[in-house]
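# Fold and geometry: a report
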Amino acid sequence: MRTWEETIRYIRTLPEYAELVEKAYFEEDLAANVERFRKSEEFLQTLKLLRQYSPGAKSLLDIGSGNGISAIALALEGYEVTVSEPDPSDTVGAGAIRQLQAQYDIAGMKVYEQFAEDIDVEKASFDIVYVRQAMHHAYDLRQFIANLATLLKPGGFLFTIRDHVIYDEDDKERFLREHPLQKFYGGENAFTSAEYREAMEAAGLAVLQELSYYDSIINYFPMTHADIEKQKETKRLQFRSAFNTRVGAMRAIPGLFAVYKRKNRHLLELNEKDIAGRMYSYIAQKK
Ligand SMILES: C[S@@+](CC[C@H](N)C(=O)[O-])C[C@H]1O[C@@H](n2cnc3c(N)ncnc32)[C@H](O)[C@@H]1O
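A brief report on the enclosed structure follows. (Residues numbered from 1 in each chain as written. Predicted model: local features only at pLDDT ≥ 70, side-chain atom pairs only at ≥ 80, totals over all residues. Heavy atoms only, no water.)

## Details of the overall build of the protein chain
To keep things clear, this is the line we draw: Only runs of H or I of at least four residues qualify as helices and only runs of E of at least two qualify as strands under DSSP, and these elements are numbered from the N terminus. Working definition: with a 1.4 Å probe on protein chains only, accessible area under 20% of the residue-type maximum means buried, over 50% means exposed, and in between means partly exposed. Here, two residues are considered to be in contact whenever any of their heavy atoms come within 4.5 Å of each other. Computed with a 1.4 Å probe, the accessible areas rest on the Shrake-Rupley method; for each residue, only the protein chains presented here act as cover. All tallies of charge rest on Lys and Arg as positive and Asp and Glu as negative; His and the ends of each chain are not included. The location of each charge is read from NZ of Lys, CZ of Arg, CG of Asp or CD of Glu.
A tally of helices and strands in the protein chain yields 13 helices and 7 strands. C-alpha extents for the protein chain along the principal axes are approximately 75 × 45 × 35 Å. A burial count over the protein chain gives 50% of its 287 residues as buried. If you take every contact in the protein chain between residues at least 6 apart in sequence, the share linking residues at least 24 apart comes to 73%. Approximately 14,100 Å² of the protein chain is accessible, and the part contributed by carbon and sulfur atoms is 51%. Between the mean site of the 37 positive side-chain charges and the mean site of the 44 negative ones, the protein chain shows a separation of 9 Å.

The structure is reproduced here in structure tokens:
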């Protein structure tokens, strides 16, 4: 098994991973990743929610920031960002964040190398804690969220973005089997939506929004709204063709399609169960 850093350096050499490297912001040119992330529909929609829920927010803690794309993007939007990333590496960890901090000349951004479960900074000092694709890596989910909750000011917000959700152990196995990088580094994980929500509530947070996979482009990006509409149209065509096959010549009977449609409506909807480890995002507030 490789480390996470070794995995990213390795897949950069494999042409079949070029698209993943680009879409997951793993390119060697760190600033190029930041620039693409800043303009992404995912980030723009996240910003909208941050401003909607916490219009006056200034202090923001970015947890498990990886190579720092979000920390820099949020700092460039005017937030006073503190970062914690337990991986010290120059490729996908705190070393990369410090390089970007120097490149973008962001003064005063503190970079810690601690796990969320243990991070020890001033209690009740942040308006927002932002966690992108890192909560599902928690080694202790309840402690992860409980500790972050202590760092929020009363009324402050926890935004967790794009975490893998599983329904049960079989679904988790399928997710781990299908994850494109798991075979290289073995560090993937996922929880049920109930586990995320219960950990938030146990930490004294009120869950204000659970954005399931198709609820928001934050989760399904880099797919676009148009891609989703195209998938729905394909479902509609398949539905019509299944109806025609099933009823044969009877398909001309007036009203029969409407009855079939009422009974089988679920077949027309996109189903997140089709996506292994589909991602969810949460907005929670400290009481
Ligand atoms: C998939 S990466 C996401 C990185 C970055 N937030 C992004 O969206 O590009 C997950 C990150 O979570 C970090 N991580 C793993 N366990 C963690 C924990 N218990 N607390 C905080 N961060 C953790 C990893 O080091 C890694 O950088």
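## Digging into the sheet that holds strand S3 (residues 111-112)
Quick reminder of the rule: Between any two strands, pairing holds if DSSP finds at least two bridges.
Read across the open sheet, the 7 strands follow the order S3-S2-S1-S4-S5-S7-S6; overall the sheet is mixed. Looking at strand neighbours, the two that pair on one side only are S3 and strand S6 (205-211), the edges of this open sheet. Where strand S4 (residues 126-132) lies against strand S5 (residues 152-164), 6 bridges are found, and the strand directions are parallel. Across the sheet, residue Tyr130 finds its bridge partner in S5, namely Phe159.

## Quick notes on the environment of Glu122
Mapped onto the elements, Glu122 comes out in the loop between S3 and S4. Judged by relative accessible area, Glu122 falls into the exposed class, the value being 61%. Sequence separation between Glu122 and Asp87 is 35 residues, and the spatial gap between their C-alpha atoms is 21 Å.

## A word on the packing of helix H3 (residues 30-39) against helix H4 (residues 41-53)
Spelled out, the test is: Lines are fitted to the C-alpha atoms to define the axes, a helix being fitted only along its stretch in contact, and any angle between axes, read from their N-to-C directions, falls within 0 to 180 degrees. Roughly parallel covers angles under 35 degrees, roughly antiparallel covers those over 145, roughly perpendicular covers 65 to 115, and oblique covers all other angles. Under the convention adopted here, Pro, Cys and the residues Ala, Val, Leu, Ile, Met, Phe, Trp and Tyr are nonpolar, Asp, Glu, Lys and Arg are charged, and Gly plus all remaining residues are polar.
It is the contact of H3 with H4, at a shortest axis distance of 4 Å, that shows an interaxial angle of 55°. Taken as axis vectors, H3 and H4 run oblique relative to one another. Residues Phe37, Arg38 and Lys39 of H3 form the contact with H4, whose own contacting residues are Glu41, Glu42, Phe43 and Leu44. Class assignment of the residues belonging to the contact of H3 with H4 gives a composition of 3 nonpolar, no polar and 4 charged.

## Thoughts on the site of the ligand
For clarity, the cut-off: To be near a molecule or strand, a residue needs just one of its heavy atoms within 4 Å of it. Nitrogen and oxygen atoms within 3.5 Å of one another constitute a polar contact, given that in protein one can donate a hydrogen and the other can accept it, and given that sequence-neighbouring residues count only through two side-chain atoms.
Near the ligand lie 16 residues; those nearest to it are Gly64, Glu85, Ala116, Glu117 and Arg132. In this structure, an oxygen atom belonging to the ligand sits 2.6 Å away from a side-chain N or O atom of Glu85. Contact distances for the ligand include 2.6 Å between an oxygen atom and a side-chain N or O atom of Arg132. Coverage of the ligand by the protein amounts to 89% of the 590 Å² it exposes when considered alone.

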